[in-house]
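Fold and contact review
These are the residues of each chain, in order.
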Amino acid sequence: MSLVRKEYPYCTMYGIHVAGGAIVSCENVQVSLVFDDQAAAAPAPEQFDRKWQLLEAFCTRMGSGRLAELKFGDAKPMAARTDEGARRFMRFKEKEPAPGQR
């Protein structure tokens, strides 16, 4: 989380290796350009928020294996693909309650 926050807040990681329920490495990182100087100059404080919790739970369920792609936005996990031919899964998006169920 600290590495993503400091060096890769907007990026896509490819070939992510998961072992024992934790991310241990990735094969490639594609950094996205940020056009807002203020966002790049003053990073937000570290927070282990809901999206990071969902990524951690996903990796724990996965156990060991490989993710084809993992996207980060504003230093938070946003979407993952399990293999090159698979569709993207928005697993890290918080589900909003249905209307009338608040």
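Everything that follows concerns the structure shown earlier in this document.
Residues numbered from 1 in each chain as written. Predicted model: local features only at pLDDT ≥ 70, side-chain atom pairs only at ≥ 80, totals over all residues. Heavy atoms only, no water.

Of the regular secondary structure elements, the chain holds 3 helices and 4 strands. Considering only contacts in the chain between residues 6 or more positions apart, those separated by 24 or more positions represent 53%. Put simply, the chain shows about 7000 Å² of open surface, and 51% of that area lies on carbon and sulfur atoms. (Helix = DSSP H or I, 4+ residues; strand = E, 2+ residues; numbered from the N terminus. Contact = heavy atoms within 4.5 Å. Areas by Shrake-Rupley, 256 points an atom, 1.4 Å probe, with all protein chains shown as cover.)

A word on the packing of aromatic side chains. Across all of its chains, the model carries 1 aromatic pair by this definition. Ring plane angle 35 degrees and centroid distance 5.7 Å describe the contact between W52 and F72, whose orientation is recorded as tilted. Highlighted residues: W52 in helix α3 (residues 50-62) and F72 in strand β3 (residues 65-73), separated in sequence by 20 residues. On the accessibility criterion, W52 (9% relative accessible area) is buried. (Phe/Tyr/Trp six-rings, centres within 6.5 Å; stacked < 30°, edge-to-face > 60°. Buried < 20%, exposed > 50% of the residue type's maximum accessible area, 1.4 Å probe, protein only.)

Ranked by size, the top nonpolar core spans 14 residues in total, and within it V4, M13, I16, W52, L55, L70 and F72 carry the most contacts. Contributions of two or more residues to this core are made by β1 (11-19), α3 and β3. (Core = buried A, V, L, I, M, F, W, Y, C linked by side-chain atoms within 4.5 Å.)

The subject of this paragraph is the sheet that holds β3. Across the sheet, 4 strands lie side by side as β2-β1-β3-β4; this open sheet has antiparallel pairing. For this open sheet the edge positions go to β2 (22-31) and β4 (76-81), each flanked by a neighbour on one side alone. Pairwise comparison of adjacent strand axes, ignoring direction, gives a mean angle of 30 degrees for this sheet. With 8 bridges connecting them, β1 and β2 associate as antiparallel partners. Paired with Y14 across the bridge in β2 is N28. (Pairing = 2+ DSSP bridges. Axes fitted to C-alpha atoms, helices over the stretch in contact; angles between N-to-C directions.)

Attention shifts here to unusual backbone geometry. Despite not being glycine, D74 shows a phi value in the positive range, around 55 degrees. Tracing the sequence through the fold places D74 in the loop between β3 and β4. Of note, A75 is a non-glycine position whose phi angle comes to about 65 degrees, a positive value. Looking at where A75 falls in the secondary structure, it is placed in the loop between β3 and β4. The class of A75 is buried, set by a relative accessible area of 13%.

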